[in-house]
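What follows is the residue order along each chain.
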Amino acid sequence: DIYELDLKEKKNIYDRLGFDPHVYEVSALAYRGLARTGKDQTILVTGESGAGKTETVKIVMDHLATVQLTRPEGVDEEHCASKEIV
């Protein structure tokens, strides 16, 4: 199951297949990292002009807000993804 692999293994799989990670997977992994460890997470969106960076960031923000609203019990307010999104 690809969701149980560590980041280095995933990168190797994506590189071999010639795919970039999916935006929802990246967003979900960032949220999971925040919820599990309480450590800040960063998502870097890069690309050329007109490549869709702004739309991708909108998708990430919407996804994080949706996941935040449906977070399981036990994730305290201090570690909420929507608390301080820069």
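Presented here is an overview of the structure given in this document. One numbering rule holds for all chains: residues counted from 1, following each sequence as written. Only residues with pLDDT of at least 70 are given local features in this predicted model, and only at 80 or more are side-chain atom pairs given and counted; all residues enter the totals for whole chains, interfaces and linings. Only hydrogens and water are set aside when side-chain values are computed; all heavy atoms of the structure are taken into account.

**Concerning the pattern of salt bridges**
When their charged atoms lie close together, side chains carrying opposite charge are able to pair. Within this document, salt bridges are pairs made up of a side-chain nitrogen of Lys or Arg and a carboxyl oxygen of Asp or Glu, the two lying within 4 Å of each other. By the definition in use, this model includes 1 salt bridge. Here Lys58 ties to Glu55 by a salt bridge, and the two come within 3.2 Å at their closest N and O atoms. Here Lys58 pairs with Glu55, and both are found in helix H3 (residues 53-69), just 3 residues apart, close to one helical turn. Numbering of helices and strands runs from the N terminus; a helix is a DSSP stretch of H or I covering at least four residues, while a strand is a stretch of E covering at least two.

**Describing the packing of helix H2 (residues 23-37) against H3**
All axes here are fitted lines through C-alpha atoms, helices being fitted over the stretch that makes contact, and every angle between N-to-C directions spans 0 to 180 degrees. The contact between H2 and H3 brings their axes to 9 Å, and the two run at 45 degrees. Compared by their axis directions, H2 and H3 come out oblique. Our pair here, H2 against H3, has a crossing hand that is right-handed. Contact with H2, carried on its side by Val23, Tyr24, Ser27, Ala28 and Tyr31, involves Thr56, Ile59, Val60, His63, Leu64, Val67 and Gln68 of H3 and no other residues of that element. Note on terminology: angles under 35 degrees are roughly parallel, angles over 145 are roughly antiparallel, angles of 65 to 115 are roughly perpendicular, and the others are oblique. Take the far helix as your reference; a near helix turned counterclockwise from it by less than a right angle gives a left-handed crossing, and one turned clockwise gives a right-handed crossing. Note on contacts: a residue pair is in contact if any heavy atoms of the two residues lie within 4.5 Å.

**Side note on H2**
In a regular helix each residue adds 1.5 Å, so 15 residues correspond to 21 Å; H2 covers 21 Å between its end C-alpha atoms and thus fits that length. Among all positions in H2, only Val23, Glu25, Ser27, Ala30, Tyr31, Gly33 and Leu34 are buried. Of the residues trailing H2, Gly38 is marked for its positive phi of about 75 degrees. Between the first and last residue of a helix there are one fewer steps than residues, each counted as 1.5 Å, and that sum is the expected span. Residue exposure (1.4 Å probe, protein chains only): buried if accessible area is under 20% of the type maximum, exposed if over 50%, otherwise partly exposed.

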